[in-house]
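The primary structure of each chain is shown beneath.
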Amino acid sequence: MSRQNTVTPTAEGLAASVSAFKTRGLPPVEKWNPPFCGDLDMQIKRDGTWFYQGTPIGRKRLVKLFASILIREGDEYFLVTPVEKVGIKVEDAPFVAIDFEASGKGRDQLLTFQTNLDDIAAAGPDLPIRFVRDADTQEPSPYVRIRRNLEALIDRKSFYRLIELGVHHDGWFGVWSGGEFFGVIPSSELPD
């Protein structure tokens, strides 16, 4: 009779697995379908800080390594390797968009975002910007998709800069990027 080894996932084990898998660019996590091995005591806070066992992970290179194997299924987040899949907690979005560049004007405008982990994403139909308003305060939370179905919370200074680029279109106030219009708020709700 054969016995299956019990796997206890650790951050160190995941890092070693990913480091052993040599690739250019992002690992092909969408091709991997490993078994679920349990939850890891890892969390990404709203400000983009990664924690392991309650302690911030101070090495950006290690955080970028973990971010390269991050996937989202529904509202749950996992780190995956070819042999392991572990759940982690994400307080809001796994990335923070800390800056952006705008080029072009009007419908030809392109907004290119940079995250806290140096990802670059040009917003458009495949990488949309969305705005969620808090039901109680009506305060907006802006997001941009970075890759796959992973988003970045757009930081406050960048959000204010986005608003400065805003225009009215089809009854909405919003921004253009990559030929797509992203509505922030109905024009009728803005003061005159």
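Within each chain, residue numbers correspond to sequence positions counted from 1 in written order. Totals for whole chains, interfaces and linings use every residue, but because this is a predicted model, local features are given only for residues with pLDDT of at least 70 and side-chain atom pairs only at 80 or more, for both listing and counting. Water and hydrogen atoms play no part in the side-chain values, which are based on all heavy atoms of the structure.

Colleague: So what exactly am I meant to see when it comes to the pattern of salt bridges here?
Modeller: If the charged atoms of two oppositely charged side chains come close together, the side chains can form a pair. The salt bridge definition used is simple: a Lys or Arg side-chain nitrogen within 4 Å of an Asp or Glu carboxyl oxygen. Enumeration over the complete set of coordinates arrives at 13 salt bridges. Between Asp 92 and Arg 46 there is a salt bridge, and its shortest N-O distance comes to 2.8 Å. Here Arg 46 lies in the loop between strand 1 (36-44) and strand 2 (50-52) and Asp 92 lies in the loop between strand 6 (85-90) and strand 7 (95-103), a separation of 46 residues in the sequence. Residue Arg 130 is joined to Glu 151 by a salt bridge in which the shortest nitrogen-to-oxygen separation is 2.7 Å. Here Glu 151 lies in strand 12 (residues 150-154) and Arg 130 lies in strand 10 (residues 129-133), a separation of 21 residues in the sequence. You can call Glu 151 buried: its relative accessible area is 9%. Connected via shared salt-bridge partners are Lys 60, Lys 64 and Asp 118. Numbering of helices and strands runs from the N terminus; a helix is a DSSP stretch of H or I covering at least four residues, while a strand is a stretch of E covering at least two. Only protein chains enter the accessibility calculation, which uses a 1.4 Å probe; a residue is then buried when its area is under 20% of its type maximum, exposed when over 50%, and partly exposed in between.

Colleague: Honestly, the sheet that holds strand 4 (residues 70-73) in this entry has me stumped. Any pointers?
Modeller: Two modes of strand pairing occur in sheets, parallel and antiparallel, and in both the strands are linked by backbone hydrogen bonds. With mixed pairing, 6 strands are arranged side by side in an open sheet as 3-2-1-6-5-4. Edge positions in the sheet fall to strand 3 (55-56) and strand 4, since each of these pairs with one other strand and no more. Here, any two strands with at least 2 DSSP bridges between them count as paired. Of the strand pairs in this sheet, strand 1 and strand 2 are connected by 3 bridges, and their pairing is antiparallel. Bridge pairing in strand 2 links Met 42 to Tyr 52.

Colleague: Would you take a moment to explain the nonpolar core for this structure?
Modeller: Soluble globular proteins: nonpolar side chains tend toward being buried together. Of all hydrophobic cores here, the largest spans 45 residues; its most connected members are Met 42, Trp 50, Leu 79, Ile 88, Phe 113, Ile 129 and Val 144. Contacts are assigned to residue pairs with any non-hydrogen atoms lying within 4.5 Å of each other. Aside from chain neighbours lying at most four places away, what touches Val 144 is Ala 97, Phe 113, Ala 123, Leu 127, Pro 128, Ile 129, Leu 150, Glu 151, Ala 152 and Ile 154. Throughout, nonpolar core names a set of buried Ala, Val, Leu, Ile, Met, Phe, Trp, Tyr and Cys residues whose side chains join them through atoms within 4.5 Å.

Colleague: It is not clear to me how the packing of aromatic side chains should be interpreted in this structure. Could you clarify?
Modeller: Geometrically, a pair of aromatic rings is defined through the distance of the ring centres and the angle of the planes. Ring pairs shown here join Phe, Tyr and Trp side chains whose ring centres sit within 6.5 Å, with only the six-membered ring taken for Trp; geometry is labelled stacked below 30 degrees between planes, edge-to-face above 60, and tilted in between. Under the definition given, this model contains 6 aromatic pairs. Ring plane angle 90° and centroid distance 6.0 Å describe the contact between Phe 36 and Phe 78, whose orientation is recorded as edge-to-face. Here Phe 36, found in strand 1, pairs with Phe 78, found in strand 5 (residues 76-80); they are 42 residues apart in sequence, far enough to count as distant. For Phe 36, a relative accessible area of 48% translates into the label partly exposed. Ring centres of Phe 131 and Phe 159 lie 6.2 Å apart, and the angle between their planes is 50°; this geometry places the pair in the tilted category. A residue pair is termed long-range when its members are at least 10 positions apart, and Phe 131 in strand 10 and Phe 159 in helix 3 (residues 156-164) qualify at 28 residues. Ring pairs connect the aromatic residues Phe 131, Phe 159 and Tyr 160, which therefore count as one cluster. A ring has a charge above it when a Lys NZ or an Arg CZ is no more than 6 Å from the ring centre and no more than 35 degrees off the ring normal. Its end group placed over the ring of Phe 51, Lys 45 keeps NZ or CZ at 5.9 Å from the ring centre. Positioned over the ring face of Tyr 143 is Arg 130, at 4.6 Å from the centre of the ring.

Colleague: I would appreciate a short explanation of the pairing of strand 14 (residues 172-177) in the present structure.
Modeller: Walk down a regular strand and you will see the side chains alternate between the two sheet faces. Counting buried residues in strand 14 gives 5 out of 6 residues, a clear majority hidden from the surface. Two elements, strand 13 (residues 167-169) and strand 14, share 3 bridges in a ladder whose sense is antiparallel. Following the sheet pairing, Val 167 is matched in strand 14 by Gly 174. Linking strand 13 back to strand 14 in an antiparallel pair, the connection comprises 2 residues, with Asp 170 at a positive phi of about 50°. As paired elements, strand 14 and strand 15 (residues 180-186) share 6 bridges and run antiparallel to each other. In the sheet register, Val 175 faces strand 15, and the bridge partner there is Phe 182. Connecting strand 14 to the next strand, strand 15, in antiparallel fashion are 2 residues, including Gly 178 with a positive phi near 60°.

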